[in-house]
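Architecture at a glance
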Amino acid sequence: GSSASPSPPFSPADALYYEITLDEVGSGNLAVGYVTRDNFLPGWKTRGMFYNGNLTNGSAGLRMGFGPFLKAGDTVGSYLIRDNNTVKVVFYLNGRCLGPGFVISASCTDVFYPCLHLDGRATVRYFTSKTFPSVVEREPATFDDPYSGDWLLKKA
């Protein structure tokens, strides 16, 4: 696996938001999130807070099925929110808020960097915004038909 280089330094107090649009994906896996400088290492040694369909630290899955797996055409947003010594990372997929993926304790001097963790090949477009999302809690999925979605199976 390989990772893109960290962006230029930010103030430790900054809230951060960025989006990527996945134009093309070959074999492999792309995860979107944040790292600290000390945890930005080659390949699977990188440790951070990432979303790829699951929540991952860059090496191991932490929560399976957090959202749909990423595919060509998807736009993924990642919002890092600071509140005193707490950092929350909220993920978005195609405009839908998936909710907080990570809530961790962090020193007010810790600096986080946007990071794309890639194993394989992908073509992405990277966007930043001067405004932050207003929705930070998970929104329900919507479907174009009455049959798609999550179903509760009960024993007959």
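See the structure printed just above.
Let us look at the structure shown here.

**Re the pairing of strand β8 (residues 96-105)**
Along any regular strand, the residues point their side chains to alternate faces of the sheet. Relative to β8, strand β7 (residues 86-93) runs antiparallel, the two sharing eight bridges. Across the sheet, the residue bridging to V89 is F102, located in β8. Between β7 and β8, which pair antiparallel one after the other, the connecting turn spans two residues, and N94 there sits at a positive phi close to 50°.

**Details of the environment of E139**
For E139, the location among the structural elements is in the segment after β9 (112-128). Judged by its relative accessible area of 28%, E139 falls in the partly exposed class. C-alpha separation for the pair E139 and Y92, spaced 47 residues apart in sequence, amounts to 9.6 Å.

**As for the pattern of salt bridges**
For the structure on display, the rule yields two salt bridges. The partner of R125 in a salt bridge is D23, and the shortest N-O contact between them spans 2.9 Å. In this pair, R125 is assigned in strand β9 and D23 in strand β2 (residues 16-36), connecting sequence segments 102 residues apart. Classification of R125 by relative accessible area gives partly exposed; the value is 43%. On the basis of relative accessibility, which here comes to 36%, the residue D23 falls in the partly exposed class. D74 is paired through a salt bridge with K71; the nearest N and O atoms lie 3.1 Å apart.

**A word on the packing of aromatic side chains**
Evaluated as defined, the whole model comprises eight aromatic pairs. Note on Y51 and F66: the rings are 6.0 Å apart at their centroids and 70° apart in plane angle, and the pair reads as edge-to-face. A residue pair is termed long-range when its members are at least 10 positions apart, and Y51 in strand β3 (residues 48-51) and F66 in the loop between β5 (61-63) and β6 (75-83) qualify at 15 residues. Both residues of the pair, Y51 and F66, count as buried. Taking the centre distance of 6.3 Å and the plane angle of 75° together, the rings of F91 and F102 count as edge-to-face. Of this pair, F91 sits in strand β7 while F102 sits in strand β8; the two residues are 11 residues apart in sequence, bridging distant segments of the chain.

**Let's talk about the side chain of D74**
Relative to the assigned elements, D74 resides in the loop between β5 and β6. At a separation of 2.9 Å, a polar atom in the side chain of D74 contacts the main-chain amide nitrogen of K71. The residues touching D74, leaving out its near neighbours within four places in the chain, are I20, T21, L22, F69, L93 and N94.

Cut-offs used in this document
- Residues numbered from 1 in each chain as written.
- Predicted model: local features only at pLDDT ≥ 70, side-chain atom pairs only at ≥ 80, totals over all residues.
- Heavy atoms only, no water.
- Pairing = 2+ DSSP bridges.
- Helix = DSSP H or I, 4+ residues; strand = E, 2+ residues; numbered from the N terminus.
- Buried < 20%, exposed > 50% of the residue type's maximum accessible area, 1.4 Å probe, protein only.
- Salt bridge = Lys/Arg side-chain N within 4 Å of Asp/Glu carboxyl O.
- Phe/Tyr/Trp six-rings, centres within 6.5 Å; stacked < 30°, edge-to-face > 60°.
- Polar contact = N/O pair within 3.5 Å; in protein donor to acceptor, adjacent residues only side chain to side chain.
- Contact = heavy atoms within 4.5 Å.

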